[in-house]
Each structure stands twice: as C-alpha cells, then as structure tokens.
Amino acid sequence: MKIITLKLGTYTVNKSKVFSLIDSSSPVSGSKVAIQPFLIITEKDVILLDTGINLNQAEVPPVCQRLKDENVEPGQVTKVLISHLHKDHIDGLGYFSGETFISSFPHATIYIQQRELDFALAQEGNPSYRPEMLKQLALLPNVVLLNDHEGNITTEISYKVSGGHTPNHQVFWIKEKEETTFYGADNLPQRNYLKFQVAFKNDYDGRKALEARQKWEEEGKQQQWTVLLYHDMKNQIIKF
C-alpha cells in the first residue's frame, strides 16, 4: 500500500466558513488549517480520500493538479471516498461550465453517504456547503449512494457512519495484507484531537466525536493502524 499526501496548502477559515489560502502576503486571521486529501494505491485500486477545496472554482481543481504533480492522472483514480459534504472536502469533485457540471473523476466510482447528502441538501444558507454542487452529485452516473450504517465497499475497503462532525459523517478503513490505514476525516483531523480529550463546539455532536476518537485510539493501538490527518499542518500521517 502506497500513501501519498496531496497537500493543497494552509488556509485560514473564519466563523462564516470563508477559506483563504495563506501566502507570504496574506494577513492571517481566523483559524489555520491544512487541507490535504490522500491518495492510496493498492494492488487493486487507486483510491482518493476526499477531494479538497477549490476556492476559485477552477476548471482544474487543486487536487487534480496535485495528482498530476505525483504523475497520477485523475482518470487513473478508481474510487473516491467522501467522508462528508462540506465544501473543503468535496470541491475537487468537479466544476461548472456554464450550468453544466463537469466531473473531475468520470472514470472513478464515487462513494457518498445517502443520509449525509439528504442532510446537506436541507442546509439552505449554510456557508459550509455548496448547494449548486450538491444537487448535481446524485445525478452523476458514477456516484454510489451508501445507505447502510456500515459495510464493505470491497474486501479491502470498509466504512462506518460515525456521526460527530456532521450527523452522517463516515470514516474508512483500507486494509491490504497486514496493513490497516484509517481515515477519520473531520472527527480526527489533527493529532491534537487525541492530545486534548474535549468535545469541540464546531462539531454537530462533539461528545459523539470525542467518544469515537477514544475508541479508535484504543483499537488503533492494538492493531497498529496508520492514521491519516486531513487538517494537520505538521503530522499528515501517524502510526498508532
């Protein structure tokens, strides 16, 4: 199993969920986070975990450019696993040409939780979402809407609806041979979330997210998981 961190940069995000890329000339205000999808290459699949942000809605989303920097064409991705539908996790799925939505990964199967999509579509006026994109996702022929609370996508890939950060946020395990990689997305986005055992107010259900992290840490240490951290500026990949 090969894991590649697709670093899209460090961003500030304010209370209105406005993201700004930090560069040398940027005034820094608000919380600082990294945004970094992950690419996992196994013997059977090329798997993308979430797709990052696309501030300017460019025709080549930043995640696609980063894939090309790693000598991987977007068309080579076989599966895209979506944890939840906040814009900083799904913007790279595509772009609009006029009123037409163009998928960035037409040859991949994209896995989205049905209940997460239903909830997101009901969040009118919530700046965490891009409603125009959400309305297109269920129409894509290569999207699979998951309905179960947990299950297997393949013999290598399993998922579970964890809740916490959003009501139907889901997490993933990818197993190959003796190695297990865990992606907790925004329920475990930074290493400090393990250090500080608190319920965070930016979560839909902070207590539930905290309890899940505690369970994952215990299981992960027993099974020696590799853990991917989507928003951590220093520690993108850690080992339990």
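Conventions we followed
Residues numbered from 1 in each chain as written. Predicted model: local features only at pLDDT ≥ 70, side-chain atom pairs only at ≥ 80, totals over all residues. Heavy atoms only, no water. UniProt positions renumbered as here; feature names shortened; annotations may be inferred. Pairing = 2+ DSSP bridges. Helix = DSSP H or I, 4+ residues; strand = E, 2+ residues; numbered from the N terminus. Axes fitted to C-alpha atoms, helices over the stretch in contact; angles between N-to-C directions. Core = buried A, V, L, I, M, F, W, Y, C linked by side-chain atoms within 4.5 Å. Buried < 20%, exposed > 50% of the residue type's maximum accessible area, 1.4 Å probe, protein only. Contact = heavy atoms within 4.5 Å. Arc of directions from axis to C-beta.

An unreviewed UniProt entry lists the protein chain under the name MBL fold metallo-hydrolase, with Pedobacter petrophilus as the source organism. UniProt lists a comment for the protein chain under the heading Sequence similarities (unreviewed entry), and it reads "Belongs to the metallo-beta-lactamase superfamily."

Time to look at the sheet that holds strand S13 (residues 157–161). One open sheet accounts for six strands, arranged S12-S13-S14-S15-S16-S17; its pairing is mixed. The outermost strands of the open sheet, each flanked by one partner alone, are strand S12 (150–152) and strand S17 (237–239). Each strand of the sheet is rotated relative to its neighbour by a mean of 20 degrees, with strand direction disregarded. The pairing of strand S15 (residues 179–183) with strand S16 (residues 226–228) spans three bridges and is classified as parallel. Bridge assignment links Tyr183 to a residue of S16, and that residue is Leu228.

Residues given the UniProt feature "domain: Metallo-beta-lactamase" (unreviewed entry) here are residues 34–231. Secondary structure content for residues 34–231 is 25% helix and 26% strand, and the end C-alpha separation is 4 Å.

Let's shift gears to the nonpolar core. With 28 residues, the main nonpolar core has Leu39, Val77, Val80, Leu85, Phe105 and Leu137 as its most contacted residues. Of all the secondary structure elements, the ones that give two or more residues to this core are strand S6 (46–49), helix H1 (62–69), strand S10 (109–113), helix H3 (114–121) and helix H4 (131–137). Setting aside residues no more than four positions away along its own chain, Val77 makes contact with Leu39, Val46, Leu48, Leu67, Phe105, His107 and Ala108.

Our next topic: H3. Listed as buried for H3 are Gln114, Glu116, Leu117 and Ala120. On an axial view of H3, the arc spanned by its buried residues comes to 160 degrees, and they lie on one face. On the buried face of H3, the contacting elements are S10, H4 and strand S11 (143–146).

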